[in-house]
Amino acid sequence: MTTFPTSFLWGASTAPHQIEGNNINSDWWARESAMPGMEPSGDALDSYHRFREDMQLIADAGLNAYRFGIEWARIEPVPGRFSNAELAHYRRMIDTAVELGLAPVVTLSHFSTPRWFAEEGGWGAPTAVARFAAFVDRATSVLDGVEWVVTINEPNMAAMMTMLQQAARAGQLSQWQSPTIDGTAERERIAANLPVPDLASARPFIEAHHAVRDLVRKRTGARVGWSVANGALTATPGNEDKLVEVRHLWEDVYLDASRGDDFIGVQSYTSQQVDENGLVPHPEHPDNTQTGAAYRPDALGIAVRHAADVTRLPVLVTENGIATADDTRRIAYTADALRGLAGAIADGVDVRGYLHWSLLDNYEWGHWRPTFGLVAADRETFVRTPKPSLAWLGRVAVSAGADLA
Ligand code: BGC
């Protein structure tokens, strides 16, 4: 039986830099212009102006939640100078979501930071935690009534990116090169060699999360957590100890740090094996997704069980989806992922919601090729065209999972 609780959140996720457009004061904007091989985000999908239309699509489909972010680079374009107009913009987004019957799930930091923050040394700078706390202190002034706040998106991936950026500054980037270079084989090679986020790179994220958790709770009454990239890692025979070691640095450090939170955000796309040498590079395969990931809808069930096991917290699936040009495949993947999620719920895991990545075919950190969206968008006219998967997910939501069968 694939049933979900009646209070379940059903929705879609986005991130500001990936959809808003013209995020010119952010570090990503600067990086896109400077790095060879990267496509610019440009106008993106102009969601900065079209957020109501985006939310309306979600609501019309029968979904009841929307995860979006507030963009630090817009709110604090210069250190210590906050824009009341931008804060009011995000308040309008929250009010619009509520008006349309969507529970806003608000992310405070989703990979992009102000350019000045990056120039100061980014998350590796001694001032990083205080800078983030000062931003959140101001941001909470518009978050009243929001019930779900994600402080930092995928701190484990962000820590890994910090290591890449530090290598770039030290002129050692050739070890890893840009993780967003196009070409599946090249991406595979790079993905297999990404630096493992060490404890030093994890520390500022953990401190920043802890520094703002109570503040957000007190000011807004929201449930506060963060969203971890869950690799759904499994051991090859005989390598269970190595799995524990590898998983510790890639995700358990961050799951452990969520103790005391109100929920854990799970983000899952694929599963990967660990052998005696560490993560096993995933081979080329006709079933691979557009990002070169293995087609593994069962990853969500594995990820949710592991995150709940380590944290003992309620789970909110803050991202799950597939990069594919074939929407039938998206539906098949999501149906299987949701069956796995229902299985975890049936086994007693407390799951509060499922937010699909992504609402739109958005900017994928350096390029536009992978299409994760429930909705296509023309990048010149910004016309949105819902795909069948959007209505399908809405029907699943309205039937509390019964339509999955
Ligand atoms: C990130 C998103 C990204 C998605 C698909 C997650 O790592 O939070 O920003 O677009 O995965 O790659």
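Residues numbered from 1 in each chain as written. Predicted model: local features only at pLDDT ≥ 70, side-chain atom pairs only at ≥ 80, totals over all residues. Heavy atoms only, no water.

A. Highlighting the nonpolar core. Judged by nonpolar contacts, the single largest core of 111 residues is most densely connected at W10, F132, V304, L338 and L341. In terms of residue count, helix 13 (residues 327-346) provides more of this core than any other element does, 9 residues in total. (Core = buried A, V, L, I, M, F, W, Y, C linked by side-chain atoms within 4.5 Å. Buried < 20%, exposed > 50% of the residue type's maximum accessible area, 1.4 Å probe, protein only. Helix = DSSP H or I, 4+ residues; strand = E, 2+ residues; numbered from the N terminus.)

B. Broad picture of the site of the ligand. Taken together, Q18, H110, F111, N153, E154, Q267, Y269, E319, W357, E364, W365 and F372 form the complete shell of residues around the ligand. W357 has a polar side-chain atom sitting 3.4 Å from an oxygen atom of the ligand. With the chains in place, 88% of the 310 Å² that the ligand exposes on its own is no longer accessible. Across the shell around the ligand, the residue classes tally to 5 nonpolar, 4 polar and 3 charged. (Near = heavy atom within 4 Å. Polar contact = N/O pair within 3.5 Å; in protein donor to acceptor, adjacent residues only side chain to side chain. Areas by Shrake-Rupley, 256 points an atom, 1.4 Å probe, with all protein chains shown as cover. Nonpolar A, V, L, I, M, F, W, Y, C, P; charged D, E, K, R; others polar.)

C. A look at the pattern of salt bridges. Counting across every chain of the model gives 22 salt bridges. Put simply, E99 and R52 hold a salt bridge, and the shortest N to O gap is 3.0 Å. Within this pair, whereas E99 is found in helix 5 (residues 84-99), its partner R52 is found in helix 3 (residues 47-61), the two being separated by 47 residues in sequence. Here E120 ties to R131 by a salt bridge, and the two come within 2.5 Å at their closest N and O atoms. In this pair, E120 is assigned in the loop between helix 6 (115-119) and helix 7 (128-139) and R131 in helix 7, connecting sequence segments 11 residues apart. Residue class for E120 comes out partly exposed when judged on its relative accessible area of 32%. The exposure class of R131 is partly exposed, given its relative accessible area of 25%. Within this structure, D214, R217 and D262 form a network of salt bridges that share partners. (Salt bridge = Lys/Arg side-chain N within 4 Å of Asp/Glu carboxyl O.)

D. The arrangement of the packing of helix 8 (residues 155-169) against helix 11 (residues 240-256) in detail. Orientation of helix 8 relative to helix 11, taken along the N-to-C sense of each, is 130°, at an axis distance of 9 Å. Between helix 8 and helix 11, the angle falls in the class oblique. Crossing of helix 8 over helix 11 shows right-handed handedness. Between helix 8 and helix 11, the contacting residues are P155, N156, M157, A159 and M160 on the first element and W250, E251 and Y254 on the second. Of the residues that constitute the contact of helix 8 with helix 11, the class distribution is 6 nonpolar, 1 polar and 1 charged. (Axes fitted to C-alpha atoms, helices over the stretch in contact; angles between N-to-C directions. Parallel < 35°, antiparallel > 145°, perpendicular 65-115°, else oblique. Left-handed = near helix turned anticlockwise from the far one by under 90°. Contact = heavy atoms within 4.5 Å.)

E. Focus on the packing of aromatic side chains. In this structure the tally under the stated criterion is 22 aromatic pairs. For the pair F111 and W365, a centre-to-centre distance of 5.2 Å together with 65° between the ring planes defines the contact as edge-to-face. Of the two residues, F111 sits in the loop between strand 3 (103-109) and helix 6 while W365 sits in the loop between strand 11 (351-357) and strand 12 (375-377), which places them 254 residues apart along the sequence. Here F117 and W123 contribute two aromatic rings whose centre-to-centre distance is 5.2 Å and whose plane-to-plane angle is 70°, an arrangement assigned as edge-to-face. W123 carries the same exposure label as F117, and that label is buried. Grouping aromatic residues by their ring pairs yields a cluster made of W72, W116, F117, W123, F132, F135 and F205. The residue whose ring lies beneath R31 is W28, and the NZ or CZ to ring-centre distance is 4.8 Å. R223 extends its terminal NZ or CZ atom over the ring of W148, reaching a point 4.3 Å from the ring centre. (Phe/Tyr/Trp six-rings, centres within 6.5 Å; stacked < 30°, edge-to-face > 60°. Lys NZ or Arg CZ within 6 Å of the ring centre and 35° of its normal.)

F. Structural context of the environment of A211. Positionally, A211 belongs in helix 10 (residues 199-220). Here A211 falls in the partly exposed class, since its relative accessible area comes to 41%.

G. Helix 5, seen in detail. With 16 residues, helix 5 extends 22 Å between its outermost C-alpha atoms, agreeing within 8% with the 22 Å of an ideal straight helix rising 1.5 Å per residue. Among all positions in helix 5, only E86, L87, H89, Y90, M93, I94, T96 and A97 are buried. Next to the buried residues of helix 5 lie helix 3, strand 2 (65-69), helix 4 (72-75), strand 3 and helix 7. (Expected span 1.5 Å × (residues − 1).)

H. Structural context of the sheet that holds strand 6 (residues 233-235). If you walk across this open sheet you meet the 3 strands as 6-8-9, and the pairing is mixed. Strands at the two margins of the open sheet, each flanked by one partner only, are strand 6 and strand 9 (278-279). Taken together, the 3 bridges between strand 6 and strand 8 (residues 272-275) define a ladder with parallel strand orientation. By the bridge assignment for strand 8, L233 is matched with Q272. (Pairing = 2+ DSSP bridges.)

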